[in-house]
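Spelled out from the first residue to the last, the chains are:
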Amino acid sequence: MLDQNVNVITDIIDMEYLQTVQDSLGRIVGITTALLDPNGVPISRPTNLHAFCAMMQASDTGVQMCMKTNGKLIEINKETREPSIVLCPNSGLMTAAVPIFFEDKYLGSWLIGQIRMENIDFDLIENTAEKAGFSKEEAKKNISMLPVISDEEFRNILNFLVTTTKTVTDLAALNTTLNKQNKELAQFAENLDASLAAFKEFINLTDIGTYLVDYETGELLMASSMYKELAGIDTDDFSGNTCYSYMGCDDFCPYCPKEQLVDENGEPTGPVVWERYNDAVDMWLSITSRALKWIDGRTVMMTTFVNITERKKEEERIAYLAYNDQLLNIPNALKLSLDIKEKCSEHCYLIFFDVKGLKNINNVYGRTAGDKLLKSIADWFREFVQGTIPLYRVSGDEFAILVADKEDHEVMEFASDIFARFESPWTVDMSGIKQHIYAGIQMGIIQAKEPVDSHSTLINLTEKVLSFARDANMPILFDEEMDRKFQDHMNLIVSLKACVLNQMEGFSLNYQPVVDAFTGKWIGMEALCRWNSPDVGNIPPNIFIDEAEKLGIISAIGSWVLEEAISQTKIWKLHEIENFTLSVNLSPIQLRDKELITDIHRILKRYNYPANRLSLEITESAEVQFDDITLKLLNSLKEAGIQLSLDDFGTGYGSFSNLKSLPISILKTDRSFIKGIEEDEYLRHTLRTMVDFAHFAGLIVVAEGVETANQHEIVRRNGANYIQGFYFSKPLTKEDLEKNLYRFR
């Protein structure tokens, strides 16, 4: 029966143990975790406290806002006895709580969050920052750094936490029972002034082992049947025998807490609880020792113990789950972090590699095939090293090997042998059929000079090393120069995200005129995005656009470019000129953005800009998939009156046959067909063929890259409608274009 004075989980389970469970969980899932009391007040030190949550906790208003959310979660926990999930009204992100019930009494909840699963509502973040009194920019920056997890990962985290909670409450039940019985025994011993026989009978009625010894000599005075069975004693006459003699010792056992049981005056203190594995009976014991004043006035030591082997096995199972990959039965990144701290010497290397093409293998053969492939790789490695060197799974297709006490050349030879194995196929059993699957590898090696402080640090190190091995056909030794380049790259990424969030700081537009091939009149212009980072300087468009696509912020940049270009064109009143066209590039990523059409219509409506004066350019490349989804989007844009251009035609993955199905009206030839055309008859013939075919399809042709008068004449003779290139004008700043507006008239 639960004591009525028990109101919170820490009343029956040690806070240090709960903190350890929480920290282990936090390291596994990588999100903020804390323990709340029944009123929603945190009672543990938060694990993985993200920067946004830290900002909220630093403000009194922020704390009150968080407490309100906690209260809502706890209210649901109490009512349903099930995990609760709500959208945080302060961040718009997911947060959840798992209740802790013990004997139908609610004792608190595990809190997890913030959890980023979708796009961030930055307006809400700004509103929260204003209310809580901290920097909006810092809040948006910090919320953007939260890791993104899938719905499946989130559900797995909740299920794991529910299982962990059950284990904790089971341990609490065992602890409560043990404490209750210990109290009963202590009370009984203190008040015992009658029959020792009654005491002996009592200790044999419980399933707790008990023995009583003289404090000074260790002479065994009394023992329960359970203790006698474990100690191999078959008599009730203990005369002259000591507790330690039955353990094969000449004096009190070295692990006995005897000295802790009395104070400096020899008076009994409180009980000492300890655990020990008894190899003689293959059993883990939870032991409580205490000193008592016995009936005859002498000090005795009473020890009780209970079998906790099953609890230990459960703790070991939880530890195994925390430090091992379940699919491959090999240690994980968390275990690698610990091993680096414990095992690394002066000559210690980390070999990182990832399996290239695993996603494609999953798509072609199914995820089961991908899992079997990884198992085959792990099994081969285990046999290759004969179990002497562990293989760690860092994440999905990324692995690590920790090599200690080896010289540089030995590590390179070892890594090369592993690399070479991937030149041969792997045999995977697919429903009884042996399937030979080729998988690539990219590998980077780094000397482990510094300790890895956290799981996230290890993940970052993995990405850093492998980023320089992407295109190599051999193991790459990561050095200080590569580290410097990586830091430069990370600085670029941080600056790019910060500038986009800070109202497109450092971004500007250049404009390159499009010229009538026959009259030389300017009839349009292409808006070209430029970025001068306040931190790293001018960055070429091909670099920052590629990074923006990877970071998922290209749509924000594209929207800004479109609005800025249309706004400026309206100011110059160029849209009023007959046949004028403003060209703006679209990224392949934008073509997959469900909000693209809505955003374009919003900008056109805001500036009252005619749709037929806008041309959206699609670059022909492998990234552009002209599937049903893309074609539906392009047709919607065309129906709205917007012109569509196919840029860089002739160098990508398209063909003349594609032109029939694409709703485009303008074809822009790649500049590679113009360079050297004066001396190359093949290029002239190719250009003529493209122009004739495009005209036959009803398309306007723009020749890009014209830089000389001879090139202009050849392009004009071969029928191109418009020209774009340095011969007429390089890309101009807004100020320079204003000086040349008369050329459009």
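Counting restarts for each chain: residues are numbered from 1 in the order of the written sequence. With pLDDT at 70 or above as the cut-off, local features in this predicted model cover only qualifying residues; side-chain atom pairs require 80 or more to be listed or tallied, and sums for whole chains, interfaces and linings still use all residues. With hydrogens and water excluded, all non-hydrogen atoms of the structure serve as input to the side-chain values.

*Asks:* Got a sec to walk through the sheet that holds strand S3 (residues 94-102)? Specific residues and values, please.
*Replies:* DSSP bridges decide pairing: two strands pair if at least two such bridges lie between them. Counting from the N terminus, the helices are the DSSP runs of H or I reaching at least four residues and the strands are the DSSP runs of E reaching at least two. Ordered in space as S1-S4-S3-S2, the four strands form an open sheet in which the pairing is antiparallel. Edge positions in the open sheet fall to strand S1 (33-36) and strand S2 (84-87), since each of these has one partner strand only. Within the sheet, the average angular offset between the axes of one strand and its neighbour, ignoring direction, is 25°. Relative to strand S4 (residues 105-115), S1 runs antiparallel, the two sharing four bridges. Along S4, the bridge assignment pairs Ala-34 with Leu-111. Residue contacts follow a heavy-atom distance rule, with two residues in contact if any of their heavy atoms lie within 4.5 Å. Fitted lines through C-alpha atoms give the axes, limited to the stretch in contact for helices. The angle between two N-to-C directions lies from 0 to 180 degrees. Each of S1 and S4 is contacted by helix H1 (residues 15-29), which is oriented at about 150° to S1, the strand it contacts most. Contacting S1, S2, S3 and S4, helix H3 (residues 60-80) runs over the sheet at an angle of about 45° to S3.

*Asks:* How would you summarise the packing of helix H18 (residues 596-606) against helix H19 (residues 628-639) if you had to cite specific residues and measurements?
*Replies:* At a minimum axis distance of 11 Å, the contact between H18 and H19 shows a crossing angle of 15°. Of the possible angle classes, the one that applies to H18 and H19 is roughly parallel. Between H18 and H19 lies a crossing whose hand is right-handed. Listed contacts from H19 to Leu-596, Ile-597 and Ile-600 of H18 are Leu-633, Ser-636 and Leu-637. Classification used: nonpolar for Ala, Val, Leu, Ile, Met, Phe, Trp, Tyr, Cys and Pro, charged for Asp, Glu, Lys and Arg, polar for all others including Gly. Looking at the contact of H18 with H19, its residues break down into five nonpolar, one polar and no charged. The labels follow the angle: roughly parallel below 35 degrees, roughly antiparallel above 145, roughly perpendicular from 65 to 115, and oblique for the rest. Here a crossing is called left-handed whenever its near helix is offset anticlockwise from the far helix by less than a right angle, and right-handed whenever the offset is clockwise.

*Asks:* Describe in detail helix H9 (residues 309-323), supporting the description with residues and values.
*Replies:* Expected helix span is taken as 1.5 Å per residue step, with the number of steps being one fewer than the number of residues. Over its 15 residues, H9 runs 21 Å from end to end, which matches the ideal 21 Å to within 8%, given 1.5 Å per residue. Listing the buried residues of H9 in full gives Thr-309, Arg-311, Lys-312 and Ala-322. One side of H9 carries all its buried residues, which in axial view fall inside an arc of 160°. Each residue is assigned to one of three classes by its accessible area relative to the maximum for its type, calculated with a 1.4 Å probe on protein chains only: buried under 20%, partly exposed between the two thresholds, exposed over 50%. Directions drawn from the helix axis to the C-beta atoms are what define this arc.

*Asks:* Any details on a negative patch on the surface? Residues and values, ideally.
*Replies:* Residues enter patches when their relative accessible area tops 30% and they take part in no salt bridge; the joining distance is 9 Å for like charges and 5 Å for the nonpolar side chains Val, Leu, Ile, Met, Phe, Trp and Tyr. Residue burial considers only the protein chains on display, and all accessible areas are found by Shrake-Rupley using a 1.4 Å probe. When a carboxyl oxygen of Asp or Glu lies within 4 Å of a side-chain nitrogen of Lys or Arg, that pair is called a salt bridge. Lys and Arg are tallied as positive, Asp and Glu as negative. Neither His nor the chain termini are counted. Charged groups are reduced to one reference atom each: NZ for lysine, CZ for arginine, CG for aspartic acid, CD for glutamic acid. Together, Glu-407, Asp-408, Glu-410, Glu-413 and Asp-417 make up a negatively charged patch on the protein surface. With respect to the helices, strands and loops of the structure, Glu-407 is situated in the loop between strand S14 (398-404) and helix H13 (408-421). Of the residues examined, Glu-407 reaches a relative accessible area of 37% and is grouped as partly exposed.

*Asks:* Run through the packing of H3 against helix H4 (residues 122-132), naming residues and quoting values.
*Replies:* Interhelical geometry of H3 versus H4 gives an angle of 125° and a closest axis separation of 7 Å. Here H3 lies oblique to H4, going by the angle between them. Facing Thr-61, Gly-62 and Met-65 of H3, the residues of H4 in contact are Thr-128, Lys-131 and Ala-132. Tallied by class, the residues present in the contact of H3 with H4 amount to two nonpolar, three polar and one charged.

*Asks:* How would you summarise the environment of Arg-716 if you had to cite specific residues and measurements?
*Replies:* With respect to the secondary-structure elements, Arg-716 resides in helix H22 (residues 709-717). Looking at Arg-716, the relative accessible area reads 25%, which means it is partly exposed. Setting aside anything within four residues of it in sequence, one finds Arg-716 in contact with Ala-517 and Phe-518. Polar contacts involving the side chain of Arg-716 include one to the side chain of Glu-713, which spans 2.4 Å. Two N or O atoms form a polar contact when they lie within 3.5 Å of each other; inside protein one atom must be a possible hydrogen donor and the other a possible acceptor, and for residues adjacent in sequence the pair counts only when both atoms belong to side chains.

*Asks:* Just give me the short version of the packing of aromatic side chains, but keep the residues and values in it.
*Replies:* Stacked, edge-to-face and tilted labels apply to pairs of Phe, Tyr and Trp rings (six-membered ring for Trp) whose centres lie within 6.5 Å, assigned for plane angles under 30 degrees, over 60, and everything in between, in that order. Tallied over the full model, the rule gives 18 aromatic pairs. On the numbers, 4.9 Å between centres and 80° between planes, the contact of Tyr-727 with Phe-728 is edge-to-face. Following the ring pairs from residue to residue traces out a cluster consisting of Phe-353, Trp-380, Phe-381, Phe-384, Phe-399, Phe-414, Phe-422 and Trp-426. A ring has a charge above it when a Lys NZ or an Arg CZ is no more than 6 Å from the ring centre and no more than 35 degrees off the ring normal. Directly above the ring of Tyr-255 sits Arg-276, whose terminal nitrogen or CZ lies 3.4 Å from the centroid. The ring of Trp-426 has Arg-421 lying over it, and the distance from NZ or CZ to the ring centre is 3.6 Å.

*Asks:* Outline the environment of Met-525, supporting the account with residue identities and numerical values.
*Replies:* Mapped onto the elements, Met-525 comes out in strand S20 (residues 522-533). A residue is classified by how much of its surface remains accessible, and Met-525, at 0% relative accessible area, is buried. Separated by 86 residues in sequence, Met-525 and Ala-439 have C-alpha atoms that sit 47 Å apart.

*Asks:* Explain the nonpolar core residue by residue, including any values.
*Replies:* Among the nonpolar cores identified, the biggest contains 76 residues, and Phe-507, Leu-582 and Leu-616 are the most heavily contacted of them. When residues of this core are assigned to their parent elements, the largest contribution, eight residues, is made by helix H17 (residues 554-572). The residues touching Leu-616, leaving out its near neighbours within four places in the chain, are Leu-562, Val-584, Leu-586, Ile-600, Leu-637, Ile-642, Gln-643, Leu-644 and Ser-645. Joining through side-chain atoms within 4.5 Å is the link that ties buried Ala, Val, Leu, Ile, Met, Phe, Trp, Tyr and Cys residues into a set, and such a set is a nonpolar core.

*Asks:* I'd like a description of the pattern of salt bridges, backed by residues and values.
*Replies:* What the rule picks out here adds up to 26 salt bridges. For the salt bridge of Lys-668 with Glu-617, the shortest nitrogen-to-oxygen distance reads 2.6 Å. With Lys-668 in strand S25 (residues 666-669) and Glu-617 in strand S23 (residues 614-619), the pair connects residues that are 51 residues apart, well separated along the chain. Here Lys-668 and Glu-617 have matching classes, each one buried. The structure contains a network of salt bridges with shared partners spanning Glu-275, Arg-311, Lys-312 and Glu-315.

*Asks:* How would you explain H22 if you had to name every residue and give the values?
*Replies:* Residues Gln-711, His-712, Ile-714 and Val-715 constitute the buried set of H22. Down the axis of H22, the smallest arc covering the buried residues is 165°, so these residues share one side. H22 presents Asn-710 and Arg-717 as exposed residues on the side facing more than 90 degrees away from its buried surface. As for H22, its buried residues are in contact with helix H21 (681-696), strand S26 (700-704) and strand S27 (722-724).

*Asks:* Which residues make up the pairing of S20, and what values go with them?
*Replies:* Counted residue by residue, S20 has ten buried out of twelve residues, so it is predominantly covered. Relative to S20, strand S19 (residues 507-516) runs antiparallel, the two sharing nine bridges. Bridging across to S20, Val-515 finds its partner in Trp-522. Once S19 ends, the chain turns through five residues before running back antiparallel as S20, passing Gly-520 with a positive phi of about 80°.

*Asks:* Run through the sheet that holds strand S12 (residues 348-356), naming residues and quoting values.
*Replies:* Strand order in the open sheet made by the five strands is S13-S14-S12-S17-S18, with mixed pairing throughout. Every interior strand has two partners, whereas the edge strands, strand S13 (391-395) and strand S18 (476-477), have only one. Across four bridges, the pairing between S13 and S14 is antiparallel. Across the sheet, Arg-393 pairs through a bridge with Phe-399, a residue of S14.

*Asks:* Describe the environment of Arg-393, listing the residues and the values that go with them.
*Replies:* As for its position among the elements, Arg-393 is in strand S13. Taking the relative accessible area as the measure of exposure, Arg-393 reaches 13% and is therefore buried. Apart from residues lying up to four places away in sequence, Arg-393 is in contact with Asp-325, Leu-327, Leu-328, Ile-330, Pro-331, Asn-332, Ala-333, Leu-374, Glu-398 and Phe-399. Here Asp-325 takes part through its side chain, which lies 3.2 Å from a polar atom of the side chain of Arg-393.

*Asks:* Give a description of the side chain of Ser-559 that names residues and reports values.
*Replies:* Looking at the secondary structure, you find Ser-559 in helix H17. The contact partners of Ser-559, leaving out residues within four places of it in the chain, are Gln-590, Asp-599, Arg-602 and Ile-603.

*Asks:* Tell me about unusual backbone geometry, and name the residues and values.
*Replies:* Residues other than glycine predominantly adopt negative phi, and peptide bonds predominantly adopt the trans conformation. Its identity is not glycine, yet Asn-329 carries a phi of approximately 55°, on the positive side. Positionally, Asn-329 belongs in the loop between strand S10 (324-325) and strand S11 (330-331). Positive phi, close to 60°, is recorded for Lys-573, a residue that is not glycine. Mapped onto the secondary structure, Lys-573 falls in the loop between H17 and strand S22 (581-586). For Lys-573, a relative accessible area of 47% corresponds to the partly exposed category.

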